[in-house]
Amino acid sequence: MENMLKDFQVESKNMSEAAQRRWRKAVTIVKNPSRRFRMVADLDKRVEAEKKKLKIQEKIRVALYVQKAAIQFIDGAGRAEYKLSEEAREAGFSIHPDELAAIVRGHDIKGLKKCGGVERIARKVSVSLNEGISENDLPIRQKIYGFNKYTEKPSRTFLMFVWDALLDLTLIMLMVCALVSIGVGLPTEGLPKGIYDGLGIILSIFLVVMVTAISDYRQSLQFKDLDREKKKIFINVTRDGKRKRVSIFDLVVGDIVHLSIGDQVPADGIYISGYSLLIDESSLSGESEPVNVHEEKPFLLSGTKVQDGSGKMLVTAVGMRTEWGKLMETLNEGGEDETPLQVKLNGVATIIGKIGLTFAVLTFLILAVRYLVEKALNNEFTDWSSSDALTILDFFATAVTIIVVAVPEGLPLAVTLSLAFAMKKLMDERALVRHLSACETMGSASCICTDKTGTLTTNHMVVERIWISEKIVEVKGNAIDGVLKSEISGGVLGILLQSIFQNTGSEVVKDESGKNTILGTPTESALLEFGLLLGGNFDAQRRDFKILKVEPFNSVRKKMSVLVSLPDGGVRAFCKGASELILRMCDRVVDGNGEPVPLPEEQEKNITDVINGFASKSLRTLCLAFKDIDNTSNENNIPDNGDIDDTSNENNIPDNGYTLVAVVGIKDPVRPGVKDAVQTCLAAGITVRMVTGDNINTAKAIARECGILTEDGVAIEGPEFRSMSLEQMKEIIPRIQVMARSLPLDKHTLVTHLRGMFGEVVAVTGDGTNDAPALHEADIGLAMGIAGTEVAKENADVIILDDNFATIVNVAKWGRAVYINIQKFVQFQLTVNVVALVLNFVSACISGSVPLTAVQLLWVNMIMDTLGALALATEPPNDGLLKRPPVGRGVSFITMAMWRNIIGQSIYQLAVLGVLNFDGKRLLKLSGSDATEVLNTLIFNSFVFCQVFNEINSRDIEKINIFRGIFNSWIFLGVMVCTVTFQVIIVEFLGNFASTVPLSWQLWLLSVLLGSVSLPVAVILKCIPVGRDTTKHHDGYDALPTGEEDGEHQV
């Protein structure tokens, strides 16, 4: 089978257009293209959308880079006149929404100056740059300036899904057959007998269409909910004088937005203040060069990303008044990429469809030719009546229905159903799947490269120890104030508080109750909280010192620096960050009196020992340092504000000559349950590697606590890893369990080699802007929902909403469940295919009639297609899934065990139904005029019950105990009950339409018994050994076998 599916191979991520077009071309038999390809990318629409996008980007590029000529032209031609509405004037606004939007969109600096700059613009939109807007003004601002929402395509209605289901070519042909049958039957047999056959087909089609449409409509609602979750972005604003986090959709013109590294600019706006604000505009303009934003270049466009620095902006345009709004319209055109399983099952459906079409044509030809030969032998060839036409029509309807059953359109759609179900459940378990294929691929993950902070640890940080003035002080609650004051002088305490409060990207604000609240990263918050415990006053410190320049922390620099002017006129630089890095930058240390003294080599070694001692206790270590700068020698170089237009001032903040103030040890406890989750991964054949920017001793201590670092494992630092040759990397990578002091580039290199050298399916976590390349490169990129930046989330496939490692394990479990559920469904459907095809074909060849009519086959098709997918593709995962190795790349989807089950069950069912078909009357002593109808009804009933019990068998491909967890799957039980109930109704009450007759209780019992025998047959089959892959994993562990040896009881 795999050899026949060569054209149906695609990558799970970043698949090429050539591969996508190749498999589409290979799909030759499709009953209903509109439904079959609904969840598949429309490549032609994508091409059109890309053209639209390029046009918009070109327009933006002109505005950005040809603005001088454009503005000169506008000045020569005269500016457009805008008439403000009375409602806007009464609300206190004095600038038209379109005029305001045009200033930023066109980067019209002259227009901005003509309006009086950002301060006057703020007055025109009735807002204070310090206090922000009032919450009470939201409705009027939204009414006049618009909502921050984009035009979206209207949702598909239920009737559209009904129409899609009706477009099935075979159903249309059957409807025509039904209408012809009614047209011929009415004049010859009259009412009601003349319409039974045709009406039976129409009612069956109606049932199939409704069940299909309801299932598809529910899927669409699930995807819509998930799509809504994907678009949720929260940002920091100032409203009513307080900092708040609000949804991007609640943003209005006049809002004061706070931006930091990794944020997406949520609307068009004007820069108010900030430090080294660097904006990536490539998503809008297509230009890769980032842009410095400052007072002379103050325009910020919606949809761009903050690459570095921080700042405040005034929102001037939202929603469809921004270029991003227009661009967003084109982004979803063409749909999402199909998944590898969808493509593979399209291939399976095509191959089986060809076989089924051949059998259907042969069945029709055999039935028709045999009928014609019989007429000729009886000398009736020239004697034709309406009953003959109806017989030929029945043959054609049966052949068409065989195509309905034989072309398994439901296979690729079952993948979508299973993925939609898994994504919805994962959302409840705090994981947002952004791309369909990620959920599927995660089931094959063989390696997880995880961050430490916030993923393995709680991210609730507190300062636990501090080294200062050559003393180690343990921090114990609120008593630290008195303890530290008794240990160190006032001068030392003063410089410590300056180092904490001046050099921070976080803020201390008052909440609604008047209490201090810290806004910022957990590390910054821990330091600020410590400073407040020491009696420091954040507002007073910030009021007395003027910040000149800031270099924010990022994962490459591993430090944060700030330049401030002192109240007495001097200039001081503060620096904090990775302990060993900051220590190397210091040549002095604060003594017990708060005075800088030289730092001898011996004392530097002692401080290194202190750092290692803190780290070995799982503490995150930071060094705080400062440097006084000679103001006179630097006055020409130091900027008087944070608005820097180029990189010439990068060296204003020195990189050496600092004075060490303190070494801080911050406790970040390991999350409860992480050790168990890591052990679960190892049992599942998933290697866990910690990749962190922290000190190697801290990383090793945490890794041991989590169970990641073992005796024979390797812990390595990023610089050492980077310096290795390819051969050295190839030798050491399998043993690497911890990588400390790593750069984002190291993570990217590790992921690339794991995938390229060792064929691993790699999941990688990331939260920072610089993690984006690794997230993009990995098979599954996992972004953190709490600590993660918008840039990281945009490049990820799954967002872990609670930042918890245990949630990642859940994603892997559900990924495996999706894969195995589709395998179950495929096994079940192929068995029905084989039996229905062979039974009808052989019967047609031997007896000239088929035991299963069109209506009966339509019902069987619904059991095996929509209802079968509902039952088997939505089974919840069990813990046994994580006691077997992951499915490797290129492994055959239809396994030997599946073929064994399919062939074995098919042989049993065909043997039973064949005996009934050819010798049933004699064996069951059936006689009388209705003997044939009773026998055919018994065959139909037995066939259906064989499928019902085989559906139960399909709950587990390998294990004998197929009832385990059955009561946890309410959908499965519901489908079983509905199937049996409706089967009883068809046989006992709808005989006129379904060509059945009521059966005695003995024959009902016989049907159920014959069906139930497939259960012991399955037990016997599962005892037959089949070949297994016993390849050894490159990390050294042996693949865990499935079945009895996986640690679970079979029976």
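Parameters and conventions
Residues numbered from 1 in each chain as written. Predicted model: local features only at pLDDT ≥ 70, side-chain atom pairs only at ≥ 80, totals over all residues. Heavy atoms only, no water. UniProt positions renumbered as here; feature names shortened; annotations may be inferred. Helix = DSSP H or I, 4+ residues; strand = E, 2+ residues; numbered from the N terminus. Buried < 20%, exposed > 50% of the residue type's maximum accessible area, 1.4 Å probe, protein only. Contact = heavy atoms within 4.5 Å. Expected span 1.5 Å × (residues − 1). Core = buried A, V, L, I, M, F, W, Y, C linked by side-chain atoms within 4.5 Å. Salt bridge = Lys/Arg side-chain N within 4 Å of Asp/Glu carboxyl O. Pairing = 2+ DSSP bridges. Axes fitted to C-alpha atoms, helices over the stretch in contact; angles between N-to-C directions. Parallel < 35°, antiparallel > 145°, perpendicular 65-115°, else oblique. Left-handed = near helix turned anticlockwise from the far one by under 90°. Nonpolar A, V, L, I, M, F, W, Y, C, P; charged D, E, K, R; others polar. pLDDT = per-residue confidence, 0-100. Polar contact = N/O pair within 3.5 Å; in protein donor to acceptor, adjacent residues only side chain to side chain.

An unreviewed UniProt entry annotates the protein as Calcium-transporting ATPase of Carpinus fangiana. Heading Subcellular location (unreviewed entry) of the UniProt record for the protein holds this comment: "Membrane". In its Function (unreviewed entry) section, the UniProt record describing the protein reads: "Catalyzes the hydrolysis of ATP coupled with the transport of calcium."

Help me out: how do you make sense of the UniProt feature "transmembrane region" (unreviewed entry) in the protein in this one?
In the UniProt entry, the feature "transmembrane region" (unreviewed entry) is given for residues 158-182, 194-214, 351-373, 393-422, 830-850, 970-991 and 1003-1024. What you have in residues 830-850 is 86% helix and 0% strand, and the ends, taken at the C-alpha atoms, are 20 Å apart.

Even after reading the chapter, I still don't get the side chain of Ser525, so can you show me in this structure?
Within the fold, Ser525 resides in helix H21 (residues 522-533). Using a relative accessible area of 14% as the deciding quantity, one classes Ser525 as buried. Leaving out residues up to four positions away in the same chain, Ser525 has contacts with Ile518 and Gly520.

Any chance you could explain helix H40 (residues 1001-1012) here in plain terms?
Owing to its 3.6 residues per turn, the α-helix brings residues three or four apart onto one side. Look at H40: 16 Å from first C-alpha to last across 12 residues, which is about the 16 Å you get at 1.5 Å a residue. The elements touched by buried residues of H40 are helix H36 (896-924), helix H37 (931-953), helix H38 (970-989) and helix H41 (1014-1022).

Just to check I follow, could you spell out the nonpolar core for this structure?
One finds Leu174, Met442, Ile780, Val798, Phe805, Ile822 and Val826 to be the most contacted residues of the largest nonpolar core, which totals 166 residues. No other element matches the 20 residues that helix H33 (residues 805-847) contributes to this core. When residues no more than four places from it in sequence are discounted, the contact partners of Val798 are Ala431, Leu432, Val433, Arg434, Ala438, Ile780, Gly781, Leu782, Ala783 and Val811. Within the second largest apolar cluster, 52 residues are counted, among which are Cys115, Phe299, Val306 and Met313.

What's the story with the pattern of salt bridges in this structure? I'm lost.
Counted according to the given criterion, the structure contains 39 salt bridges. With a shortest N-O distance of 2.8 Å, Lys13 and Asp797 are connected by a salt bridge. Of this pair, Lys13 sits in the segment before helix H1 (17-26) while Asp797 sits in the loop between helix H32 (790-795) and strand S26 (798-800), and the two are 784 residues apart along the sequence. In this structure, Lys13 and Asp797 share a single accessibility class: buried. With its nearest N and O atoms 3.4 Å apart, the salt bridge here joins Asp655 to Lys559. Here the residue Asp655 occupies a position in the loop between helix H25 (631-634) and strand S20 (658-667), and Lys559 occupies one in strand S15 (residues 559-565), the gap between them amounting to 96 residues.

Quick question: what am I supposed to make of H21 here?
Along its 12 residues, H21 runs 16 Å from first to last C-alpha, staying within 8% of the 16 Å computed at 1.5 Å per residue. All of the buried residues in H21 are Thr523, Glu524, Ser525, Ala526, Leu527, Leu528, Phe530 and Gly531.

Help me understand the sheet that holds strand S9 (residues 447-450), please; the structure alone is not making it clear to me.
With mixed pairing, 8 strands are arranged side by side in an open sheet as S8-S26-S25-S24-S9-S21-S23-S22. Of all the strands in the sheet, just strand S8 (431-433) and strand S22 (714-717) have a single pairing partner and so form its edges. When the angles between neighbouring strand axes are averaged without regard to direction, this sheet yields 20°. As defined by bridge partners, S8 adjoins S26 across 3 bridges and the pair is classed as antiparallel. By the bridge assignment, Leu432 is partnered in S26 with Ile799.

Is there a simple way to explain the packing of helix H15 (residues 340-377) against helix H17 (residues 410-428) in this structure?
A packed helix pair is summarised by two numbers, namely the angle formed by the two axes and the spacing between the axes. Two numbers describe how H15 lies on H17: the axes approach to 7 Å, and their chain directions differ by 160°. Here H15 lies roughly antiparallel to H17, going by the angle between them. By crossing handedness, the relation of H15 to H17 is classed as right-handed. Of the residues in H17, those in contact with Leu341, Gln342, Leu345, Asn346, Val348 and Ala349 of H15 are Leu411, Pro412, Val415 and Thr416. Looking at the contact of H15 with H17, its residues break down into 7 nonpolar, 3 polar and no charged.

For this particular structure, what's the right way to read the environment of Leu341?
Within the fold, Leu341 resides in helix H15. For Leu341, a relative accessible area of 5% puts it in the buried group. For the pair Leu341 and Thr979, spaced 638 residues apart in sequence, the C-alpha separation works out to 27 Å. When near neighbours in sequence (up to four residues on either side) are disregarded, Leu341 contacts Val415, Glu440, Tyr819, Ile822 and Phe893.

Even after reading the chapter, I still don't get the UniProt feature "domain: Cation-transporting P-type ATPase N-terminal" (unreviewed entry) in the protein, so can you show me in this structure?
Mapped onto this numbering, the UniProt entry gives "domain: Cation-transporting P-type ATPase N-terminal" (unreviewed entry) at residues 118-186. Helix makes up 61% of residues 118-186 and strand makes up 0%, while its end C-alpha atoms are separated by 82 Å.

Please clarify how the environment of Ala317 should be interpreted in this entry.
Relative to the helices and strands, Ala317 resides in strand S7 (residues 305-317). The spacing of Ala317 and Ala267 is 50 residues in sequence and 6.2 Å in space, taken between C-alpha atoms. Ignoring any residue separated from it by four or fewer positions in sequence, one finds Ala317 in contact with Ala101, Val253, Ala267, Asp268 and Thr322.

Teacher, can you tell me more about the confidence of the model for the protein here?
Any region with low pLDDT has predicted coordinates that should not be read closely. Taken as a whole, the protein shows an average pLDDT of 85; of its residues, 92% reach a score of 70 or greater. Across residues 1029-1034 the pLDDT falls below 50, and counting only partners more than four positions away or on other chains, this stretch makes 10 contacts in the model. Predicted confidence for residues 1036-1051 stays below pLDDT 50, and this span has 36 contacts to residues more than four positions away or in other chains.

I keep staring at unusual backbone geometry and nothing clicks. Help me out?
Phi is mostly negative for residues that are not glycine, and the peptide bonds are mostly trans. Look at Asp240: it is not a glycine, yet its phi comes out positive at around 55°. Among the structural elements, Asp240 can be located in the loop between strand S1 (234-239) and strand S2 (242-247). The backbone of Ser469 shows a phi angle near 50°, a positive value even though the residue is not glycine. Here Ser469 shows up in the loop between strand S10 (462-468) and strand S11 (471-474).

For this particular structure, what's the right way to read the side chain of Arg741?
Note that Arg741 resides in the loop between strand S23 (736-740) and helix H30 (744-758). Owing to a relative accessible area of 11%, Arg741 belongs among the buried residues under this scheme. For Arg741, the side chain forms a polar contact with the side chain of Glu580, separated by 2.7 Å. Reaching out from Arg741, the side chain makes a polar contact with the backbone oxygen of Gly693 at a distance of 2.5 Å. Among residues more than four places away in sequence, those in contact with Arg741 are Lys558, Ala578, Ser579, Glu580, Thr692, Gly693, Asp694, Asn695, Glu717, Gly718, Pro719 and Asp746.

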